Amino acid sequence: QLEGVRLSPNPVVDQATLTLPAGGTYQIRVMGSDGRIMADLKNFQHSTYSLQRDNLASGLYLVEVLEASRGERAVMRFAVQ
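Draft legend 1. Structural detail: the pattern of salt bridges. With the rule as written, the count across this model stands at six salt bridges. In this structure, Arg 29 and Glu 64 form a salt bridge, with 3.1 Å as the shortest nitrogen-oxygen distance. Taken together, the residues span a long stretch of sequence, with Arg 29 in strand β3 (residues 26-32) and Glu 64 in strand β6 (residues 59-67) at a distance of 35 residues. For the salt bridge of Asp 34 with Arg 36, the shortest nitrogen-to-oxygen distance reads 3.6 Å. Taking relative accessible area as the criterion, Asp 34 reaches 56% and is therefore assigned exposed. Residues joined by salt bridges that share partners form a network here, namely Arg 29, Asp 40, Lys 42, Glu 64 and Arg 73.

Structure, rendered in structure tokens:
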């Protein structure tokens with residue numbers, strides 16, 4: 001389990017901030033409730049990611065954060081209004 005990952009605000013209106021532990025290299029995936037991948041970022045090395053609502057319709061989504069070198073992962077559910 002990857003600790004220290006936060007997404008706020010939830011529910012998302014225009015954008016949200018995904019906060020990650022410093023010093024990691026991450027893969028970030030945003031998936032629809034049907035499992036479709038809406039965004040897939042690889043080799044992300046910053047401690048914050050701005051999640052834009054642009055192409056996300058209202059509904060429920062998952063964000064998955066993987067830190068491959070440590071084999072850790074976090075999955076969070078969020079809503080878009």
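Draft legend 2. Layout of the sheet that holds β6. Strand order in the open sheet formed by four strands is β4-β3-β6-β7, and the pairing between neighbours is antiparallel. Single-partner strands in this sheet number two, and they are β4 (37-44) and β7 (72-80). Sheet twist, expressed as the average angle between the axes of neighbouring strands with direction ignored, equals 15°.

Draft legend 3. Structural context of the packing of aromatic side chains. Considering all chains together, one arrives at two aromatic pairs under this definition. Here the aromatic rings of Phe 44 and Tyr 49 are separated by 5.6 Å at their centres, their planes lie at 85°, and the arrangement is edge-to-face. Here the two residues Phe 44 and Tyr 49 agree in accessibility, since each one is buried.

Draft legend 4. Layout of the sheet that holds strand β2 (residues 15-19). Within the open sheet, the three strands sit side by side as β1-β2-β5. Their pairing is antiparallel. Of all strands in the sheet, those bounded by a partner on one side alone are β1 (6-8) and β5 (48-52). Strand-to-strand, the axes of this sheet are offset by a mean angle of 20°, without reference to chain direction. Sheet topology places β2 next to β5; five bridges connect them, and they run antiparallel. Along β5, the bridge assignment pairs Leu 18 with Tyr 49.

Conventions and cut-offs
Residues numbered from 1 in each chain as written. Predicted model: local features only at pLDDT ≥ 70, side-chain atom pairs only at ≥ 80, totals over all residues. Heavy atoms only, no water. Salt bridge = Lys/Arg side-chain N within 4 Å of Asp/Glu carboxyl O. Helix = DSSP H or I, 4+ residues; strand = E, 2+ residues; numbered from the N terminus. Buried < 20%, exposed > 50% of the residue type's maximum accessible area, 1.4 Å probe, protein only. Pairing = 2+ DSSP bridges. Axes fitted to C-alpha atoms, helices over the stretch in contact; angles between N-to-C directions. Phe/Tyr/Trp six-rings, centres within 6.5 Å; stacked < 30°, edge-to-face > 60°.

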